[in-house]
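# Summary of structural features
Listed here are the chains, written in short residue letters.
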Amino acid sequence: MNIDIHQGEQVTVVRITGSVDSLTAETLIQAFSGQVGSARILLVADFSGVEYTSSAGLRALLASLKDARGLGGDLRLAAVRPTVHRVLELSGFTSILKIFDDVPSAVASYAGAGGAAGAGR
Amino acid sequence: MNTDASPMPAAPDSGAAAAQEHTQPRVALVIGSGSVKCAAAIGIQRALARAGIGLDMVVGCSGGAIYASLMAAGHPPEESAEITQRLWTREITQRRNRRALLQALAPRWMKFRVEQFGLRDDRILMTRLEEAFGAARIEDMAIPLHITATDFANGEMVVLSSGRVTDGIRASAALPFAFSPWKVDGRLLVDGFLSDPMPVSVAVKHGASVIVAVGFESPYQESLTSAGRFAFQLSSIMSNNLLKSRFAFQSLAHHSEVLAVMPAVKQRIRLFDTAKVPYIIEEGERAAQEQMPYLKQLLARNAPASLEA
Amino acid sequence: MTGPVPAAARRRPRTALVIGSGALKCIAAFGAVKVLRQEGIGIDMVVGCSGGCFCAVWIAQGAGDADAEAARFSRGWEGSFDAISYRRLALACLPSIAKTDRRFALLDDRRVNAAIADYVGERTFADASLPLYLVATDAASGEKVVLSDGRLFDAIRASIAIPLILPPWTVAGQDLVDGGVSDPLPIDVAMREGADVIIAMGFEEHIEGARSGLLQQLLHLKSLTVNNLIRSQYAFYSVTHHAEVILLKPEFDRPVGLRALHHVPYLLEEGERAARAQVPYLRRLLGLAMQPTEVG
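What you are looking at is a predicted structure, and each value in this text was computed from that prediction instead of being measured.

Parameters at a glance
Here the residue numbers are simple positions, counted from 1 along each chain's written sequence. Labels are handed out in written order, letters beginning with A for the chains and numbers beginning with 1 for the ligands. Local features in a predicted model are, by the rule used here, given only for residues with pLDDT of at least 70; side-chain atom pairs are given and counted only at 80 or more, and totals for whole chains, interfaces and linings are based on all residues. Helix and strand definitions follow DSSP, with helices as H or I runs of at least four residues and strands as E runs of at least two, each counted in order from the N terminus. Around each residue's C-beta, the other C-beta atoms within 10 Å are counted; 20 or more make the residue buried, 12 or fewer make it exposed, and counts in between make it partly exposed. All C-beta atoms are placed from the backbone. In this description, a residue-residue contact is defined by the distance between C-beta atoms placed from the backbone, which must lie within 7 Å. Under the convention adopted here, Pro, Cys and the residues Ala, Val, Leu, Ile, Met, Phe, Trp and Tyr are nonpolar, Asp, Glu, Lys and Arg are charged, and Gly plus all remaining residues are polar. Following DSSP output, two strands are said to pair if at least two bridges run between them. Per-residue confidence from the predictor is reported as pLDDT, a score between 0 and 100. Think of a nonpolar core as buried Ala, Val, Leu, Ile, Met, Phe, Trp, Tyr and Cys residues chained together by C-beta atoms that fall within 7 Å. For every element, the axis is a line fit to its C-alpha atoms; helices are fit only across the contacting stretch, and the angle between N-to-C directions ranges from 0 to 180 degrees. Each angle receives one of four descriptions, namely roughly parallel if under 35 degrees, roughly antiparallel if over 145, roughly perpendicular if within 65 to 115, and oblique otherwise. Each helix crossing is assigned a hand: it is left-handed if the near helix lies turned anticlockwise from the far helix by less than a right angle, otherwise right-handed if that turn is clockwise.

### Observations regarding the overall build of chain B
Helix and strand counts for chain B come out as ten helices and eight strands. Taken over 309 residues, chain B has a buried fraction of 52%.

Set out below in structure tokens:
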């Protein structure tokens, strides 16, 4: 799994490629907590390169999501592949976090009062 | 009785204005299914008001959608209670849908259409909803409102955050077989409780800080004297398992607290027992009162930093 | 903490297989297990619910040839669901006359009972070579009941007692029905019994496009509820487990009723396919304890 981080003005985009599972969970958590730790709490996870995700991988994602929200921010997903989206549905994740078709929409969703501009799916 | 064409005026809630400055809603109230028992939410609203805590978001499912909408529109508790008494009466389900009965008996001959199938005529329900909400829209409510229903085709939860309030409630409370499914934005919707009887996830998704949730288990049968009752029993068992399972997941997924308010409604409440509403409200207030000290502590501790847009 | 299974632990992760309810669809589990065994993926514990009990029992007893077992299972299944009991059906329609009784069932269970007896004889849980847990539901309270001792016959018969189709079964004084009513995919049993990697095979109910009558609508709504419950439980367990829950979920393109034995080859194939999709990750995951950690 590879992680590329792009820090925008307000929003940080974390691009993940490969598999998000128990073997890569630790790396994922460290990447996100690094951002949250430096007060970069408006996060977008670019999932366009994610081929597979497991329950342990999703737990890692959830931990990062909770950290960001705990400090008033959020973690939103973008460009999720159909097979991975299916897993997110079955795992209940589509009901608890916002998912956007592409990175620009996800980033734009943070603009405006109350983050109301982007309702996500 | 309001005879204006315009919807009920929305009185601003003291907490709502302050909340707009923050990215996340601070306090969300989720009102799950439970028909007239959902009136307990009015008691919760009272307890919150007494503690000086405003609501920043309301989510309603099934019967809870009515109360959520009344609160979001800005009605103080007493008004909501009074409107409920007028809105939710036995007449709503008294008129049988004769065509539906015939369709049930002879589906092919009478061209059974699932989209139209409901044993009860919904005209009175719609009239009552229109009297209460007029042409009010969900996205224009004083307090952000979300109503949940279920996609009839695949069972998924559908969150209505815009559109007419009357459409939202009608879809959310489309109890299978009693009322026909309701089409919204090209999708056929049914009762929200089928996908999640107490949709805390909606508040979680919007990053609400503290979530106050009230919901009710489907009642079990007094006695299992027929296959029909047995089938209802099974349905209740599965619904209740879904409720608990969803709640467990949502609690774990939330970054802060989900406070479950469980009113001790000991009397058996039937679908239209609106005479019992004062009792239900009282129990709701009492149950909420127990959570107020902790709720206040949580809010003081989690005072979020305001973010620049 | 949500970290991976620590490499430092250096023990093979305890692997459980959970086979959920799904009536005849559960035969796909035989196909899945065939693939798992081909890939050298060992199972240390088995949990079965409703239709999943048959494959679970087979694995726990040492598991021979999957295809042969599936064929044997099909032969036993054939005809089991044909004998409708009209007396029971009539009683079910007369609420005031019928006794206050949870024993409503459309089918006469004699053939089903004979088929199960043929499958397991008088064997008990003690005869199994692997820890085995079969799940049923308390008819009165709706709560999950885990069976792990006594006769296999009793446990299977209780776990498959689909409400209104088969009569409940009494075990140790408790009236039990279909395990799927309380939890269609009981991953928590494996969690409680100390499994690390849990391979969970679940079967969603097929959702039909056209619904042409009242009964169909009833069944449709029931299917929606069952599927939502499966997902909801799975979501909860995934998030509470300390290690990995891997879901094998075949995507069937057709409804498979209780009597659809002609679909068996298709079901077995889809079971194999569902397992193969997870094999790459399973191999990496289970190999972890035996190799130094590599950066992914």
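So much for the structure itself; the text now carries on.
### Focus on the overall build of chain A
A tally of regular secondary structure across chain A gives four helices and five strands. In sequence order, the secondary structure elements of chain A are arranged as β-β-α-β-α-β-α-β-α. Here chain A holds 121 residues, and 53% of them are scored as buried.

### Quick notes on the interface of chain C and chain B
Size of an interface: often given as the accessible area lost when the parts come together. Taken together, the contact between chain C and chain B spans 29 residues of the former and 30 residues of the latter. With 14 residues, the top contributor of residues to the side of chain C that touches chain B is helix H8 (residues 214-240) of chain C. Of the residues that constitute the side of chain C that touches chain B, the class distribution is 15 nonpolar, twelve polar and two charged.

### Quick look at the pairing of strand E7 (residues 197-201) of chain C
All names here are of chain C. For E7, the tally of buried residues reaches five of five residues, placing the bulk of the element in the interior. Bridging between strand E1 (residues 15-19) and E7 involves five bridges; their strand directions are parallel. Bridging from a neighbouring strand, alanine 16 pairs with isoleucine 198 of E7. As paired strands, E7 and strand E8 (residues 244-248) are joined by five bridges and run parallel to one another. Bridge pairing in E8 links alanine 200 to leucine 247.

### Brief notes about the confidence of the model for chain B
Residues and elements named next belong to chain B. In the predicted model, chain B carries a mean pLDDT of 84, and 86% of its residues have values of at least 70. Considering only residues more than four positions removed or in separate chains, one finds that residues 1-22, a stretch of pLDDT under 50, has 41 contacts. Contacts for the low-pLDDT stretch residues 305-309, under 50 throughout, to residues beyond four places or in other chains number eight contacts. Overall fold confidence for the complex sits at a pTM of 0.86, while the interface term, ipTM, reaches 0.85.

### Section: the environment of aspartate 56 of chain B
All names here are of chain B. Within the secondary structure layout, aspartate 56 lies in the loop between helix H2 (40-50) and strand E2 (57-61). What makes aspartate 56 buried here is the crowd of 26 C-beta atoms within 10 Å. Each C-alpha atom of the pair aspartate 56 and lysine 183 lies 29 Å from the other, and the pair is 127 residues apart in sequence.

### A look at the nonpolar core
Counting 226 residues, the largest nonpolar core has Ala39 of chain B together with Val18, Ile27, Ala56, Ile198 and Ala200 of chain C as its most contacted members. Among all residues touching alanine 200 of chain C, those that are not within four sequence positions of it are Val18, Gly20, Leu185, Ile187, Val245, Ile246, Leu247 and Leu248 of chain C.

### A look at unusual backbone geometry
All names here are of chain B. In this model, serine 35 sits at a positive phi of 40°, which is unusual for a non-glycine residue. Along the polypeptide, serine 35 turns up in the loop between strand E1 (27-31) and H2. Not every positive phi belongs to a glycine, and serine 62 is a case in point at roughly 55°. Accessibility expressed as a C-beta count within 10 Å gives 32 for serine 62, which makes it buried.

### Quick word on the sheet that holds strand E3 (residues 42-53) of chain A
Two pairing modes exist for strands in a sheet, parallel and antiparallel, and in both the strands are linked by backbone hydrogen bonds. Residues and elements named next belong to chain A. Spatially, five strands are ordered E1-E2-E3-E4-E5 in an open sheet, and the strand pairing comes out mixed. Where the open sheet ends on each side, the last strands, each with one partner, are strand E1 (2-7) and strand E5 (99-100). Helix-sheet contacts for helix H1 (residues 25-37) involve E1, strand E2 (12-20) and E3, and the interaxial angle to E2 is about 175°.

### Some remarks on the packing of helix H3 (residues 63-72) of chain B against helix H7 (residues 165-172) of chain B
Residue and element names in this part refer to chain B. The geometry of H3 relative to H7 is characterised by a closest axis approach of 8 Å and an angle of 155° between their N-to-C directions. Judged by the angle between their axes, H3 and H7 are roughly antiparallel. The way H3 lies across H7 gives a crossing that is right-handed. Residues Ala65, Ile66 and Ser69 of H3 pack against Val165, Gly168, Ile169 and Ser172 of H7.

### Let's talk about the environment of glutamine 278 of chain C
Residues and elements named next belong to chain C. You can see glutamine 278 is positioned in helix H9 (residues 264-287). Considering only alpha carbons, one finds glutamine 278 and threonine 137, 141 residues apart in sequence, at a separation of 30 Å. With near-sequence residues (within four places) excluded, glutamine 278 lies in contact with Ile246 and Leu248.

### Details of the packing of helix H6 (residues 123-133) of chain B against H7 of chain B
Between two packed helices, what matters for the description is the angle formed by their axes and the separation of those axes. Residue and element names in this part refer to chain B. Following both chains from N to C, one finds H6 and H7 inclined at 140°, their axes separated by 9 Å at the closest point. In this view, H6 runs oblique relative to H7, as classed from their interaxial angle. For the pair H6 and H7, the sense of crossing is right-handed. Every residue of H7 that contacts H6 at Met126, Leu129, Glu130 and Phe133 is listed here: Val165, Thr166, Ile169 and Arg170. When grouped by side-chain class, the residues that make up the contact of H6 with H7 number five nonpolar, one polar and two charged.

### A word on the pairing of E2 of chain A
Two faces make up the sheet, and in a regular strand the side chains alternate between them. Residues and elements named next belong to chain A. One ladder, built from six bridges, connects E1 with E2; its direction is antiparallel. Paired with isoleucine 5 across the strands is valine 14, a residue of E2. What sits between E1 and E2 in their antiparallel hairpin is a turn of four residues. Pairing between E2 and E3: eight bridges, direction parallel.

### Focus on the confidence of the model for chain A
Of all residues in chain A, 92% attain a pLDDT of 70 or more, and the chain-wide mean is 91. Here residues 113-118 of chain A is modelled with pLDDT under 50, and outside its nearest four sequence neighbours on either side it reaches 15 contacts, counting other chains as well.

### Points about the environment of alanine 171 of chain B
All names here are of chain B. Here alanine 171 shows up in helix H7. Along the backbone, alanine 171 and phenylalanine 216 are 45 residues apart, and their C-alpha atoms lie at a distance of 19 Å. The contact partners of alanine 171, leaving out residues within four places of it in the chain, are Ala149, Leu160, Trp182, Val184 and Leu189.

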